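As a plain string of letters, each chain reads:
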Amino acid sequence: MTKDIKSYNILVIEDNPGDFILISDYLEEQFATVQIDHANNFNEARTKISLHDSNFDVILLDLSLPDKSGESLIAEMSILCRRCPVIILTGFADIEFSIKSLSQGIADYLLKDDINAFSLYKSIIYNIERKKTNLELEESEKRYSDIFHLSPQPMWIYEVESLAFLDVNTAAVASYGYSRDEFLAMTLNEILSTNHLVDTKETEFFYSGRTDGSSQGIYSYRKKSGDMIQVNVQSNVITHKGKKVKLILAIDITERLNYIRTIEMQNSKLQEIAWIQSHLVRAPLAKMMGLIDVIKNHSVSDMEKTELLVHVLDSAHEFDVLIKDIVGRTEDLQINLNEHEI
Amino acid sequence: MKFEVLIVDDDPIVILLHEKMVTASGSHSNPICFSSGILALDYILTNKDPDKKYFILLDINMPEMSGWDFLDEIIDYPVSSQVVVAVVTSSTNESDKRRAFNYKPVTEYIAKPLNVSILHQLSRKRELSAFFIHAEDPAGY
């Protein structure tokens with residue numbers, strides 16, 4: 001059997017010298033380059049682990065050590081060895097306990113009486129690989145959890161059936177004024193206004209042709225302070241621990257809607273001004289042109305001419321008044337704009 | 001056939017101007033002037049002569065009854081088939097122009113100020129030329 005040429009660092013925690021020699025032999029049979037470290041009791045093991053800063057690829061642990069054993073040993077080992085698989089070497093008497101320990105963070109257990117060089121080797125390699133995979137999975141889950149919790153926009157998850165909040169992120173807590181605990185004790189109804197539907201496009205089936213149950217709409221939500229805000233809600237349906245839940249991204253668009261409303265108001269005022277320009281302003285001007293045309297091209301008596309010139313001046317004044325009105329209105333618009341700081 | 005030219009405008013100076021122009025363009029010698037659409041409408045409706053044809057120079061922006069109101073009213077009456085309207089307004093808006101031509105009696109849209117050369121152009125149009133001769137035709141119509 002060819003040896004594994006990769007180099008390994010293994011800690012064997014075993015107080016029985018005979019057992020230790022046996023295990024070392026098995027290891028040296030299968031591993032070409034192996035650094036075997038030995039601890040006789042828990043304290044020694046703890047020192048070595050802290051020293052080497054989890055540089056061990058795997059730890060082989062005997063269940064009955066002089067200074068610690070059983071459940072407390074398992075508990076302490078789980079805390080010490082977060083990144084390193086721990087394999088228990090046990091006797092028949094402790095099988096049931098060993099099986100239980102798997103759920104406490106132990107990677108595997110082997111029966112001392114039943115192992116041989118190859119079975120030991122196989123278990124070690126398998127558990128190293130499995131530990132690596134588990135750590136990657138944990139990291140990936142943490143990353144997604146961070147995306148949720150650290151998102152600058154409020155996000156929450158609620159159960160579809162009961163409407164109860166299952167989780168909220170920091171931004172939601174900051175935005176709505178409820179603590180995380182307060183949130184988790186509420187349902188969605190407590191923040192929805194009674195007249196909540198402002199505008200909804202239920203897009204269960206029509207959103208980009210997807211049937212993934214995502215939807216979007218604008219809702220009115222109530223903060224703890226009682227203030228109402230307009231929120232653009234995007235939701236996705238996911239399955240979380242077997243239940244149907246909705247993941248919500250809720251962006252406060254109250255300010256934006258206010259700006260839009262202000263701009264719309266300004267627009268209609270501008271349209272008013274445009275109408276005045278085209279309908280009212282031109283009138284005195286057209287009259288002036290007509291009057292001047294008559295004075296110039298038609299035979300008029302001197303008295304008529306004087307009268308007509310008076311009308312020309314009147315029209316000019318009328319024109320002036322209208323211009324001043326328009327200027328006044330545009331100045332008002334400017335003031336409005338400044339107030340809203342658009 | 002009797003042909004009458006009516007001038008409808010709320011501004012007395014405009015009426016003065018238009019009256020002068022209509023007369024000066026060698027057209028109808030006695031245009032009839034109204035300071036409001038109500039008066040003009042009243043005049044037309046009380047005149048039950050089926051042989052009479054009316055050419056109206058109609059302003060739009062008038063208080064009480066605007067040019068649009070006048071047109072809305074008159075098309076409900078059969079006498080509207082005896083009426084030809086030229087909208088004369090200070091507005092140069094395309095939308096106002098479109099709106100004017102939606103009314104069947106309206107054949108012209110003139111932006112103020114009206115002048116003699118515009119009237120001469122109108123006098124050459126088929127449907128309006130009859131208004132630009134004297135009411136009493138020597139041939140005895």
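Residues numbered from 1 in each chain as written. Chains lettered and ligands numbered in written order. Predicted model: local features only at pLDDT ≥ 70, side-chain atom pairs only at ≥ 80, totals over all residues. Heavy atoms only, no water.

## Description of the overall build of chain B
Counting its regular elements, chain B contains six helices and five strands. Walking chain B from its N terminus toward its C terminus, one meets helices and strands in the order β-α-β-α-β-α-β-α-β-α-α. The buried share of chain B, taken over its 141 residues, is 50%. Contacts in chain B between residues far apart in sequence, at least 24 positions, make up 65% of those at least 6 positions apart. Carbon together with sulfur atoms contributes 52% to the accessible area of chain B, which is approximately 6900 Å² in total. (Helix = DSSP H or I, 4+ residues; strand = E, 2+ residues; numbered from the N terminus. Buried < 20%, exposed > 50% of the residue type's maximum accessible area, 1.4 Å probe, protein only. Contact = heavy atoms within 4.5 Å. Areas by Shrake-Rupley, 256 points an atom, 1.4 Å probe, with all protein chains shown as cover.)

## Describing the nonpolar core
Phe55, Leu57, Leu119, Leu122, Leu128, Phe131 and Phe132 of chain B are the most contacted members of the largest nonpolar core, which totals 26 residues. When contributions to this core are tallied by element, the ones reaching two or more residues are α8 (254-297) and α9 (302-340) of chain A together with β1 (2-8), α1 (12-24), β3 (52-58), β4 (83-89) and α5 (116-123) of chain B. (Core = buried A, V, L, I, M, F, W, Y, C linked by side-chain atoms within 4.5 Å.)

## As for helix α2 (residues 42-52) of chain A
Because each turn of an α-helix spans 3.6 residues, side chains separated by three or four positions in sequence point in the same direction. Residues and elements named next belong to chain A. Along α2, the residues classified as buried are Phe42, Ala45 and Ile49. Projected onto a plane normal to the axis of α2, the buried residues spread over an arc of 60° and lie on a single side. Its buried side turned inward, α2 meets β1 (4-13), β2 (31-39), β3 (58-62) and α3 (70-80). Capping the start of α2 is the job of one residue whose side-chain oxygen sits 3.2 Å from the backbone nitrogen of Asn43: Asn41. (Arc of directions from axis to C-beta. Polar contact = N/O pair within 3.5 Å; in protein donor to acceptor, adjacent residues only side chain to side chain.)

## A word on the sheet that holds β2 of chain A
Strand-to-strand pairing in sheets goes through backbone hydrogen bonds, with the strands running parallel or antiparallel. All names here are of chain A. The sheet built from five strands is open, its strands ordered β2-β1-β3-β4-β5 with parallel pairing. At either end of the open sheet lies a strand with only one pairing partner, and these are β2 and β5 (108-111). Taking each pair of neighbouring strands and ignoring which way they run, the sheet shows an average axis angle of 25°. Packed onto the sheet, α2 meets β1, β2 and β3 and runs at close to 125° relative to β2. Docked against the sheet, helix α5 (residues 117-150) engages β1, β2, β3, β4 (86-90) and β5, running at close to 95° with respect to β1. (Pairing = 2+ DSSP bridges. Axes fitted to C-alpha atoms, helices over the stretch in contact; angles between N-to-C directions.)

## A short note on the pairing of strand β6 (residues 155-159) of chain A
All names here are of chain A. Of all the five residues making up β6, five are buried; the element is thus mostly covered by neighbouring parts of the structure. Burial along β6 is two-sided: Met155, Ile157 and Glu159 and Trp156 and Tyr158, pointing in opposite directions, are all buried. Pairing of β6 with strand β11 (residues 243-252), which is carried by five bridges, proceeds in the antiparallel orientation. Pairing of Met155 across the sheet is with Leu249, part of β11. The sheet contact formed by β6 and strand β7 (residues 165-168) spans three bridges and is antiparallel. The residue bridging Tyr158 from the neighbouring strand is Phe165, located in β7. What sits between the antiparallel neighbours β6 and β7 is a turn of five residues, in which Leu163 has the positive phi angle 65°.

## Section: the interface of chain B and chain A
At the junction of the two partners, chain B supplies 21 residues and chain A supplies 17 residues. Summed over both partners, the interface of chain B with chain A buries about 1500 Å², with 64% contributed by carbon and sulfur atoms. For the pair chain B and chain A, the number of links is two salt bridges. Two residues, Lys20 of chain B and Glu304 of chain A, come together in a salt bridge whose shortest N-O distance is 2.9 Å. In this structure, the connection of chain B to chain A is made through four residue pairs in polar contact (both at pLDDT 80 or more). It is α1 of chain B that contributes the most residues to the side of chain B that touches chain A, seven residues altogether. In terms of residue class, the side of chain B that touches chain A is built from ten nonpolar, seven polar and four charged. (Buried area = accessible area lost by both parts, 1.4 Å probe. Salt bridge = Lys/Arg side-chain N within 4 Å of Asp/Glu carboxyl O. Nonpolar A, V, L, I, M, F, W, Y, C, P; charged D, E, K, R; others polar.)

## Topic: the sheet that holds strand β2 (residues 32-34) of chain B
All names here are of chain B. With parallel pairing, five strands are arranged side by side in an open sheet as β2-β1-β3-β4-β5. What marks the edges here is a single partner per strand, and that holds for β2 and β5 (106-111). Between one strand axis and the next, the sheet turns by 20° as a mean value, whatever way the strands run. The pairing of β1 with β2 spans three bridges and is classified as parallel. Within the sheet, the bridge partner assigned to Ile7 lies in β2 and is Cys33.

So yeah, pure geometry; function would need other evidence.
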